[in-house]
Amino acid sequence: MRITGFGVIDKSGNKLIYVGSGCVKTSEDELPVRLKSILDNLGEVITQYQPDHVAIEQVFVNVNPKSTLLLGQARGAAICAAMLKELKVSEYTALQIKQAVVGNGHARKNQVQEMVMRLLSLNSCPTTDAADALACAICHAHGGFGLGRISTDGYRMKRGRLV
């Protein structure tokens, strides 16, 4: 809820090109104000960069149910920002994202940062939140879970397989 990362890339053939990244930070206000901040700020990011698609990480069930619920609400605000601009939204699990970027679904944050830096030819590592967002974009650019251009619409992942 405090920090929401975003990452924008372009794909030309097999080459990934870094366009921009950063974080939307919310204040310590009440929940509705924080959600509106996410919605408004991501709407501005979408207006600025004009993406064709939006990829977002799926919610995982955390040990703390309250944290999981708050994360889901933040995701909802991010999805609404994309839908208000009439963009298609694709969702990927953390396992799919890490597998697509690092080659290991259980990679650590610093491994994701390092691979994002290498894959996008960046001069320095992005922050963890921006790196996670860029990794999600890279996963989407690769068709999610290494499937190239095969459409995964209407399917879901279960134990690493499309069902």
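Look up: the structure comes first, before these words.
Predicted model, so just to flag it, every value in this text is computed and none were measured.

Caption draft 1: Structural detail: the overall build of the protein chain. For the protein chain, the helix and strand inventory stands at five helices and six strands. With 163 residues in all, the protein chain has 33% of them scored as buried. In the protein chain, 52% of the contacts between residues at least 6 apart in sequence involve partners at least 24 apart. In the structure as shown, the protein chain presents an accessible area of about 10,000 Å², 51% of it carried by carbon and sulfur atoms.

Caption draft 2: Broad picture of the environment of Gln113. In this fold, Gln113 is placed in helix α4 (residues 109-119). Looking at Gln113, the relative accessible area reads 14%, which means it is buried. Residue contacts for Gln113: discarding those within four places in its chain leaves Cys125, Pro126, Thr127, Thr128 and Ala131.

Caption draft 3: Here's a closer look at the pattern of salt bridges. Summed over all chains, the structure comprises four salt bridges. Residue Glu91 is joined to Arg75 by a salt bridge in which the shortest nitrogen-to-oxygen separation is 2.1 Å. Here Glu91, found in strand β4 (residues 88-92), pairs with Arg75, found in helix α2 (residues 65-84); they are 16 residues apart in sequence, far enough to count as distant. Among the residues examined, Arg75 registers a relative accessible area of 14% and is labelled buried.

Definitions and cut-offs
- Per chain, the residues get numbers from 1 upward, laid out in the order the sequence is written.
- Per-residue local features of the predicted model are confined to residues with pLDDT of at least 70, and side-chain atom pairs are confined, for both listing and counting, to 80 or more; whole-chain, interface and lining totals are unaffected and use all residues.
- With hydrogens and water stripped out, all remaining heavy atoms of the structure feed into the side-chain values.
- Under the scheme used here, helices are H or I runs from DSSP no shorter than 4 residues and strands are E runs no shorter than 2 residues, and both carry numbers assigned from the N terminus.
- Relative accessibility decides the category of a residue: with a 1.4 Å probe and only protein chains considered, values under 20% of the type maximum give buried, values over 50% give exposed, and everything between is partly exposed.
- Only heavy atoms matter for contacts: two residues are in contact if any of them lie within 4.5 Å across the pair.
- With residues, only the protein chains shown are counted as cover, and all accessible areas are computed by Shrake-Rupley using a 1.4 Å probe.
- Just to be clear on terms, a salt bridge is a Lys or Arg side-chain nitrogen sitting within 4 Å of an Asp or Glu carboxyl oxygen.

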